[in-house]
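Okay, here's what each chain looks like letter by letter:
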Amino acid sequence: MYMSKMNMYHSTPVSDKSRIVNYDYLAVKRVWVSFLMNTSENGSWTYSYEVDVLGKTGGVEKKDIVVSALPDGQVWLKSFKVGDDTFFLSLVNPTDWKTGTNNIKAYVSKKSNPITTPYALATETFTVDIDPRMPDMGNHTSPNNTSLVKQEDGSYQGTINLTMTGLWRIHLKVKDSEGNIVAGGEEGSTLFWDVTI
């Protein structure tokens, strides 16, 4: 992203590698990008990529794209700091929230140095406790949730139970590999995702 008012560039969290979408079409693969902010008068995005298919290399360099803002009631990306390092929590699934139990998947990425390099998945291991609340309904919670834990593919997965439709604020508490709280969890914390079902 080019930040016009500050005359600087930065990147954003991206997937570590492409994944096959359909085993009948092995050349079609998917990656994810978690944009830190939408396109506006303050900044614009370009993307570039390279591919190698059957020994031939090609790609796109610096194509302008427009990133729209999420609808009201949706916040899927939050950052937290541990020491001098900045990490990003990107909520990627589900895309079709429902009442009842939802399997959720997220990624933890680490801000790169220089910041123009795409932010790769963090090598550190965390556990992310979730506490869903309904701010429009007296801030009540919902039972039977499980923390997000790191999987072999680098994703973080857990479950969340949402008992009714409406806006849910999912408060996040991040623990390091030794169980120490390193971010979130305190009253008034800004470390949360919002989903509306």
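All values reported here derive from a predicted model rather than from experimental measurement.

Basis of the calculations
- Residues numbered from 1 in each chain as written.
- Predicted model: local features only at pLDDT ≥ 70, side-chain atom pairs only at ≥ 80, totals over all residues.
- Heavy atoms only, no water.
- Helix = DSSP H or I, 4+ residues; strand = E, 2+ residues; numbered from the N terminus.
- Rg over C-alpha atoms; globule rule 2.2 N^0.38 Å.
- Contact = heavy atoms within 4.5 Å.
- Core = buried A, V, L, I, M, F, W, Y, C linked by side-chain atoms within 4.5 Å.
- Buried < 20%, exposed > 50% of the residue type's maximum accessible area, 1.4 Å probe, protein only.
- Salt bridge = Lys/Arg side-chain N within 4 Å of Asp/Glu carboxyl O.
- Polar contact = N/O pair within 3.5 Å; in protein donor to acceptor, adjacent residues only side chain to side chain.
- Pairing = 2+ DSSP bridges.

Let us now look at the overall build of the chain. Each helix and strand counted, the chain has 0 helices and 16 strands in total. Taken over the C-alpha trace, the chain has a radius of gyration of 18 Å; the compact-globule value for 197 residues is 16 Å, and the two agree within 12%. Each principal axis of the C-alpha distribution contributes one length, and for the chain these read about 55 × 45 × 35 Å. Taking the contacts inside the chain whose residues are at least 6 apart along the sequence as the reference set, 54% of them involve residues at least 24 apart.

Further remarks concern unusual backbone geometry. A cis amide bond links Asn-93 with the next residue in sequence, Pro-94, at an omega value of 0°. Structurally, Pro-94 is set in the loop between β8 (85–93) and β9 (100–110). A cis amide bond, omega 10°, links Asn-113 with the succeeding residue Pro-114. Within the secondary structure layout, Pro-114 lies in the loop between β9 and β10 (127–134). Backbone geometry at Asn-7 places phi at a positive 50°, although glycine is not the residue there.

Turning our eyes to something else, we now look at the side chain of Asn-161. With respect to the helices, strands and loops of the structure, Asn-161 is situated in strand β13 (residues 156–162). Excluding anything up to four places from it in sequence, Asn-161 contacts Gly-100, Thr-101, Pro-132, Ser-142, Pro-143, Asn-144 and Asn-145.

On to the nonpolar core, then. Phe-80 and Leu-89 are the most contacted members of the largest nonpolar core, which has 25 residues in total. Here this core takes 4 residues from strand β14 (residues 167–175), the largest share from any one element. Among residues more than four places away in sequence, those in contact with Leu-89 are Trp-76, Leu-77, Lys-78, Phe-80, Tyr-107, Val-108, Val-128, Leu-172, Val-174, Leu-191 and Trp-193.

Glancing now at the pattern of salt bridges. This model, assessed by the stated rule, comprises 5 salt bridges. Here Lys-110 ties to Asp-85 by a salt bridge, and the two come within 3.6 Å at their closest N and O atoms. Taken together, the residues span a long stretch of sequence, with Lys-110 in strand β9 and Asp-85 in strand β8 at a distance of 25 residues. Residue Lys-175 is joined to Asp-129 by a salt bridge in which the shortest nitrogen-to-oxygen separation is 2.9 Å. Taken together, the residues Lys-175 in strand β14 and Asp-129 in strand β10 connect sequence positions 46 residues apart. The class of Lys-175 is partly exposed, set by a relative accessible area of 23%.

Turning our eyes to something else, we now look at the side chain of Thr-12. Position of Thr-12 among the secondary structure elements: in the loop between β2 (8–9) and β3 (19–20). Overall, Thr-12 belongs to the buried group, its relative accessible area being 4%. Separated by 3.2 Å, the side chain of Thr-12 and the backbone nitrogen of Leu-36 make a polar contact. With residues up to four places along the chain from it excluded, the contact list for Thr-12 reads Val-33, Ser-34, Phe-35, Leu-36, Trp-45, Pro-118 and Tyr-119.

The antiparallel open sheet is built from 4 strands, whose spatial order is β2-β1-β5-β6. At either margin of the open sheet sits one strand with a lone partner, and together these are β2 and β6 (56–65). Pairing of strand β1 (residues 2–3) with β2 involves 2 bridges; the strand directions are antiparallel. Counterpart to Tyr-2 in the pairing with β2 is Tyr-9.

Before going further, it helps to examine the pairing of β13. For β13, the buried fraction is high: 6 of the 7 residues fall into the buried class. Sheet analysis places β9 next to β13, joined by 7 bridges and oriented antiparallel. Paired with Ala-106 across the two strands is Tyr-156, which belongs to β13. When strand β12 (residues 146–150) meets β13, the two strands line up antiparallel, connected through 3 bridges. Bridge pairing in β13 places Thr-146 opposite Thr-159. What sits between the antiparallel neighbours β12 and β13 is a turn of 5 residues, in which Gly-154 has the positive phi angle 95°.

By themselves, these observations are geometric and do not establish any function.
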